[in-house]
Amino acid sequence: MELQEQIKKADEMFPEEKRKEIIHRIAEEIFRYEGIKISKKVISAMIKINRGYFVIPSHLKYAYKDAPLPLPKNQTISALHMVMIQLHLLDVKKGMKILEIGTGSGYNTSILSYLVGEKGKVVTIEYIYDLYNYAKERFNMLGYGNIISIHGDGKKGYKKFAPYDRIISTACATTIYRSWKEQIKDNGIILTPIYIEGTQKLIKYYNETKETEEIMDVRFVPIL
Ligand code: SAH
């Protein structure tokens, strides 16, 4: 299926009203099970960006299933509730400059792009060339002008646009890399899954206080 056709079908299958209903339901479930009250801005951004544009065409009908979905090259798009929790914790504000490691489909990137607005910037790095292209094709088609796509190794960060207000990784890291700590603003936040004694934990690091908060057990694909 051509991308243009996929976008058209996604709009038909998951119109805004339907997305609204599903996203609100997931936010309520997160509140019930995790006690996290998802911010209004994250809810609106997730209603706005249609996940159907980003899933592989054969999985379009599952686009609003709250589960990880397959991407080319053994990668996955995170489940909706996971994307929601991460973006809520990241506390993105209009005008911010964000570094994202693991572009994947570009779904999370697109929500970030909406959250930072026209004056903000999202620099996103993808290691696998096919996925870098997959996402880039979508950003171009959708006309998201505040996204800079990079094909490279996110463990090194991306110096050219540093320092960043926020750094988010959607692949499980082995540690908070030195490059990330060097490229984050003084009052910035780094959010990433990392391996701690064999299990994955979602970690929030506050650069101002150098404090690390362990949020919850998670399951992401490992960083390459
Ligand atoms: N956020 C994505 C999901 C990405 S899954 C989405 O919304 O679709 C994690 C992604 O991280 C994969 O695409 C994987 O190829 C990428 N990745 C893994 N190691 C990486 C590295 N060292 N640098 C950049 N990207 C990496």
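A.B. asks: Sorry if this is basic, but what is going on with the packing of helix H2 (residues 16-34) against helix H4 (residues 80-90) here?
C.D. replies: Think of two packed helices as two axes; the pair is described by the angle between the axes and how far apart they sit. Two numbers describe how H2 lies on H4: the axes approach to 10 Å, and their chain directions differ by 70 degrees. One element, H2, and the other, H4, form an angle in the roughly perpendicular class. Contacts between H2 and H4 pair Ile-23, Ile-26, Ala-27, Ile-30 and Glu-34 from the former with Leu-80, His-81, Met-84 and Ile-85 from the latter. Its residues placed into classes, the contact of H2 with H4 shows seven nonpolar, one polar and one charged.

A.B. asks: Honestly, the sheet that holds strand E4 (residues 121-126) in this entry has me stumped. Any pointers?
C.D. replies: In a beta sheet, neighbouring strands pair by backbone hydrogen bonds and run either parallel or antiparallel. In spatial order, the strands read E5-E4-E3-E6-E7-E8-E9; together these seven strands make up an open sheet with mixed pairing. Two strands in the sheet have a free side with no partner beyond their single neighbour: strand E5 (147-151) and strand E9 (211-217). Each strand of the sheet is rotated relative to its neighbour by a mean of 15 degrees, with strand direction disregarded. Bridge count for strand E6 (residues 164-169) against strand E7 (residues 184-196) is four bridges, and the pairing is parallel. Paired with Arg-166 across the bridge in E7 is Ile-189. Taken strand by strand, H4 contacts E6, E7, strand E8 (199-206) and E9, and its axis lies near 155 degrees from that of E6.

A.B. asks: Would you mind going over the site of the ligand with me for this structure?
C.D. replies: In the neighbourhood of the ligand, 25 residues make up the surrounding shell, with Ser-105, Glu-126, Asp-153, Gly-154 and Leu-224 lying closest. At 3.2 Å from an oxygen atom of the ligand is found a main-chain nitrogen or oxygen belonging to Asn-108. A distance of 2.9 Å separates a nitrogen atom of the ligand from a polar atom in the side chain of Asp-153. For the shell around the ligand, the secondary structure elements donating two or more residues are strand E2 (75-77), helix H5 (107-116) and E4. Of the residues forming the shell around the ligand, the biggest block, three residues, is contributed by E2. Looking at the shell around the ligand residue by residue, the classes come out as twelve nonpolar, ten polar and three charged.

A.B. asks: What should I look at first to understand the packing of aromatic side chains in this one?
C.D. replies: Within this structure, the stated rule accounts for six aromatic pairs. When the centroid spacing of 5.6 Å and the interplanar angle of 35 degrees are considered together, the rings of Tyr-129 and Tyr-132 count as tilted. Here Tyr-129 pairs with Tyr-132, and both are found in helix H6 (residues 129-142), just three residues apart, close to one helical turn. Plain terms: the ring middles of Tyr-158 and Phe-161 are 6.0 Å apart, the flat faces sit at 25 degrees to each other, and that makes the pair stacked. For Tyr-158, a relative accessible area of 22% puts it in the partly exposed group.

Analysis parameters
Residues numbered from 1 in each chain as written. Predicted model: local features only at pLDDT ≥ 70, side-chain atom pairs only at ≥ 80, totals over all residues. Heavy atoms only, no water. Axes fitted to C-alpha atoms, helices over the stretch in contact; angles between N-to-C directions. Helix = DSSP H or I, 4+ residues; strand = E, 2+ residues; numbered from the N terminus. Parallel < 35°, antiparallel > 145°, perpendicular 65-115°, else oblique. Contact = heavy atoms within 4.5 Å. Nonpolar A, V, L, I, M, F, W, Y, C, P; charged D, E, K, R; others polar. Pairing = 2+ DSSP bridges. Near = heavy atom within 4 Å. Polar contact = N/O pair within 3.5 Å; in protein donor to acceptor, adjacent residues only side chain to side chain. Phe/Tyr/Trp six-rings, centres within 6.5 Å; stacked < 30°, edge-to-face > 60°. Buried < 20%, exposed > 50% of the residue type's maximum accessible area, 1.4 Å probe, protein only.

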